[in-house]
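# Summary of the model geometry
Listed here are the chains, written in short residue letters.
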Amino acid sequence: MRRSRRLWGSSAVVTTLALVLAACGGGSSGDSTGSGGTDPDGTVSVYGTEPQNALVPTNINDLGGTKAIQVMFATLVGFKGADAQPFNLMADSITTTDSKVYDIKIKQGWKFHDGTEVKAHNFIDAWNYGAYAPNGQLNTDFFSNIQGYKDVHPEDKNAKPATDKMSGLVLKGDYEFQVTLDGPFSVFSIKVGYQAFAPLPDVFFKDPKGFEQHPVGNGPMKFVSRTPNQDIKLTRFDDYKGDDKVHFKDLNIKIYASQETAYQDLLSGRLDFMEALPPSAVAGGKYKADLGDRLVTGHLLGISTIALPYYVPGYDNLELRKAVSMAIDRAQITKTVMNDTYVPADSYIAQGIPGARTGVCQFCKFDPAAAKEAFAKSGFKGKLTIASNADGGRKEPLTAACNSIKNTLGVECDFVPATDFGQWRSIVTGKKLTGMGRSDWSADYPSIEDFLNPIYKTGGSSNDSSYSNPQVDSILGQADATADKDAAVKLYQQAEDLIAKDLPSIPVWDEKGVAAKSKNLKSAGLDFRRMPDYPSIEVLKK
Amino acid sequence: MIRYVLRRLLQLIPVFFGTTFLIYVLVWAVPGDPFAGKCGQTACPQAYITQMTEKFHLADNIFVQYFKYLGSLFTGDWGETFNGTSVGELIATSYPITLRLAVVAVIIEAVIGLTAGVLTGLRGKGFLDNLVLVSTTFLISLPVFVTAIVLQLALGTNGLGLIEASVSDNPSIGELIVPGIALGSLSMAYVARLSRTSIAENRRADYVRTAIAKGQPTSRVVGVHLLRNSVIPVLTFLGTDLGALMGGAIVTEGVFNINGLGGLIFRGIQNRESATVVGVVVLLVLVYLLMSLIVDLLYAVLDPRIRYD
């Protein structure tokens, strides 16, 4: 659900110019990894954007806010390693027999930053707060399959909720609570690793306005200060008990208006970490020379697809879908246009997620002859278009895809730009696409389920193609209800196979995730959510 | 004189209401849902939209909205951004920085522009004149963002290493010199040309000839008689320019990551924070109105014909 909403205001002209000019600037310093030791009390500055809402976990889902929230709060489950293996962080155990009723025990002795202990009721209160409709929290949908959600969040927006507590949350003791879901859902124990499920301290419920000014979490770092449009400052919380401790003292999330400027600062060592590179640095692979061994590559759990909405006249046509898919030269585009920051995709699940396979989509290979044949069979007349917001380097690969389609099929194909991400999303959610559209997805939590239910289930929250296949719906339902994890994964894979036959959207490429660290850092990683992997950051001694 | 000042002050009232209303309507009436891109790849939950709509009176008629906004504005409340930050606070932290930047820019353009203009205006054709002509043409032809990015890259760490790519959170005057040059470069070129023409014209005026004939020293002829009369158009330009610079800082502040008013608008537009945009623009309108009032008054001081009109 969280999507890179980087609206790099710099117009295309600025970008192009910066690109031309930057090419003259060039040059890199190679001596980045010094031999000195690390400084456990060092300061790290990371690139940031202004959070969209106050720093409350149930109300933050943008990159800018998540960057602070993620390290300020610890959820029941954490994720580690390149393939984001879930492990019990605050949870002592999460047990279920039927995937419907979950018994959750939490570890004792963990503290909020204000010194109060984290207890089971902090979770229940936080989740009830997030779900309660009048609170209008952004992440409210994450609680929607807990029993009693409809009572606190009626579907009719004018209805007054009967209660502010979900019946599915039952306190069992200071360190234990029970969650009952509407129906079986096997992925729940991974889903609770998402930040919206973080506990909130009692002080939040006493004075929410005050909390917004000074948030109190239970994570590895605590809030120090925030100056809007300038920075968010955090410092290490020494009482933290989790495995994902940080190995530096102060964190300064520095807010930039322009990514280009931030990149210049990174090169000069005034900024320590950027989780994405500006288009001008990616163009022509310039970043490789700029950064040398300061380049940080990650493994983002996300996919990029091109959706062919069923409501567009002439698009409800399988042969057309096949033709378009086989006409895109993914290998060529990822190499020459995206300069190896992406890899070609041929499945609907990001590689690295348990249950992801390669080659699921048999029409995702570049095959001009077969593409032409399918296109002739489709009988499609007219022009093809691919729409997307054009900023942030979105335009170039899609224009290249269009050209590839044009050259292979001999059909007109144009890239249609939207002015910004907001306008773009209102076109998509309003079902106003008049052709194909960019449809990207990044995982909220690393599960095969998160790549299927929201996007391909009938009426799913991100079903950009308006895809509906009763068979897929029923298999997904079965998979959700299967308690056994492996059996569930098998079912999800079956659903993916069916989707790959219908091609509601065409997988094109997966983003590798290219980040950069400054010469002040010994090590730094990029996690699957395109966030700095804070526990891996080490500062060099000055 | 007092009647003149009063008349000018009264004129400000309709201008203020007219401009703020236009700005309010234009900014809030931008087509598209302000919450469309807020929730990533999924649509925002209805409960969130309902709450925000209520908070920002979005369901009301635009006129009602405007008067509600105006009402709170007069009580000193500039409104809130979508993430709950007070716009008044944002403006309070950023306007001193922009003011500093604008003053640096005006000083740079006044000093360099006037010097170049006076020198070329007095000497007439020659190498210096050509040099100023060519360089001002060059500067005028460059948009501010090009000048800014070129300066940033050429003088920055990867170029000559004289400056950092971004300024610190509370920048000193020294840090603001390069952004000031970028910001003021265009106007600097205009000031140079304006004062050159003005000087060259007045050099042959009767009163200058008289002053020379009276045997006054050249410094007095140029410094008092010539300059005082020639500076009127330049002064008009500089005065309104200070207002323009506060707004024109959008690009420069964005490039150098300066947390001023321009940066505030820059981000406000990017994130569709209409409350911020309206607030800052209303402030800029006030500055503009004030600056043009001051210029008009200075005019009246410099030129009696206007005063007694």
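Reference entry: report on the structure contained in this document. (Residues numbered from 1 in each chain as written. Chains lettered and ligands numbered in written order. Predicted model: local features only at pLDDT ≥ 70, side-chain atom pairs only at ≥ 80, totals over all residues. Heavy atoms only, no water.)

Counting its regular elements, chain A contains 18 helices and 21 strands. Computed over its C-alpha atoms, the radius of gyration of chain A comes to 24 Å, within 12% of the 24 Å expected for a compact globule of 542 residues. Reported as C-alpha extents along the three principal axes, the dimensions of chain A are approximately 70 × 55 × 40 Å. Among the 542 residues that make up chain A, the fraction classed as buried is 61%. With the model as given, the accessible surface of chain A reaches about 19,200 Å², and the carbon-plus-sulfur share is 51%. Counting 60 positive and 64 negative side-chain charges, chain A places the averaged centre of each group 3 Å from the other. (Helix = DSSP H or I, 4+ residues; strand = E, 2+ residues; numbered from the N terminus. Rg over C-alpha atoms; globule rule 2.2 N^0.38 Å. Buried < 20%, exposed > 50% of the residue type's maximum accessible area, 1.4 Å probe, protein only. Areas by Shrake-Rupley, 256 points an atom, 1.4 Å probe, with all protein chains shown as cover. Lys, Arg positive; Asp, Glu negative; His and termini not counted. Charge placed at Lys NZ, Arg CZ, Asp CG, Glu CD.)

Here the focus is the interface of chain B and chain A. Residue-level contacts link 46 residues of chain B with 62 residues of chain A. Between chain B and chain A lies a buried interface of about 4,400 Å² when both sides are counted; carbon and sulfur atoms form 52% of it. Here chain B and chain A share zero salt bridges between them. Looking at the side of chain B that touches chain A, the elements that each hand over two or more residues are α2 (46-55), α6 (144-155), α9 (218-256) and α10 (261-270) of chain B. (Contact = heavy atoms within 4.5 Å. Buried area = accessible area lost by both parts, 1.4 Å probe. Salt bridge = Lys/Arg side-chain N within 4 Å of Asp/Glu carboxyl O.)

This part is about the pairing of strand β5 (residues 101-106) of chain A. Regular strands show a simple pattern: their side chains alternate between the two faces of the sheet. Residues and elements named next belong to chain A. Here β5 shows a buried face lined by Tyr 102, Ile 104 and Ile 106 and an unburied face lined by Val 101, Asp 103 and Lys 105. As paired strands, strand β4 (residues 91-96) and β5 are joined by five bridges and run antiparallel to one another. Along β5, the bridge assignment pairs Ser 93 with Lys 105. Connecting β4 to the antiparallel partner β5 that follows it, the hairpin turn spans four residues, and Ser 99 within it adopts a positive phi of roughly 65°. Bridging between β5 and strand β7 (residues 176-180) involves five bridges; their strand directions are antiparallel. Considered in β7, the bridge of Lys 105 is made with Glu 176. (Pairing = 2+ DSSP bridges.)

Quick look at the sheet that holds strand β13 (residues 302-307) of chain A now. Residue and element names in this part refer to chain A. The mixed open sheet is built from six strands, whose spatial order is β14-β18-β13-β17-β15-β16. Of all the strands in the sheet, just β14 (342-344) and β16 (413-418) have a single pairing partner and so form its edges. Strand-to-strand twist in this sheet, taken as the mean axis angle between neighbours without regard to direction, amounts to 30°. Across two bridges, the pairing between strand β15 (residues 384-389) and strand β17 (residues 436-442) is parallel. Among the inter-strand pairings, Ala 387 is bridged to a residue of β17, identified as Gly 437. The strands touched by helix α14 (residues 395-409) within the sheet are β13, β15, β16, β17 and β18 (505-511), with β16 carrying the most contacts at an inclination of about 160°. Lying over the sheet, helix α15 (residues 421-429) contacts β15, β16 and β17, oriented at roughly 130° with respect to β15. (Axes fitted to C-alpha atoms, helices over the stretch in contact; angles between N-to-C directions.)

On to the packing of aromatic side chains, then. All names here are of chain A. With the rule as written, the count across this model stands at 30 aromatic pairs over all chains. Aromatic pair Phe 79 and Phe 528: ring centres 5.6 Å apart, planes at 85°, arrangement edge-to-face. Of this pair, Phe 79 sits in strand β2 (residues 77-80) while Phe 528 is found in the loop between β20 (521-526) and β21 (532-539), placing the two residues 449 residues apart along the sequence. Take Phe 79: its relative accessible area is 15%, and that puts it in the buried class. Arranged with centres 5.1 Å apart and planes meeting at 80°, the rings of Phe 204 and Phe 205 form a pair that is edge-to-face. Residue Phe 205 is classed as partly exposed on the basis of its relative accessible area, which comes to 31%. (Phe/Tyr/Trp six-rings, centres within 6.5 Å; stacked < 30°, edge-to-face > 60°.)

If you look at the biggest cluster of nonpolar residues, it comprises 142 residues, and the most contacted ones within it are Leu 76, Trp 127, Phe 177, Val 179, Leu 251, Leu 384 and Ile 405 of chain A. Setting aside residues up to four positions removed in sequence, Leu 76 of chain A forms contacts with Phe 87, Asn 88, Leu 89, Met 90, Ala 91, Ile 104, Ile 106, Phe 123, Trp 127, Phe 177 and Val 192 of chain A. Grouped together as the second largest cluster of nonpolar side chains are 71 residues, Phe 35, Val 104, Val 191 and Val 234 of chain B included. (Core = buried A, V, L, I, M, F, W, Y, C linked by side-chain atoms within 4.5 Å.)

Attention now goes to unusual backbone geometry. All names here are of chain A. Backbone geometry places Asp 340, a non-glycine residue, at a positive phi of 65°. If you trace the backbone, Asp 340 turns up in the loop between α12 (330-336) and β14. For Asp 340, a relative accessible area of 30% puts it in the partly exposed group. The backbone phi angle of Leu 503 is positive, close to 50°, even though this residue is not glycine. Tracing the sequence through the fold places Leu 503 in the loop between α18 (485-502) and β18. Judged by relative accessible area, Leu 503 falls into the buried class, the value being 0%.

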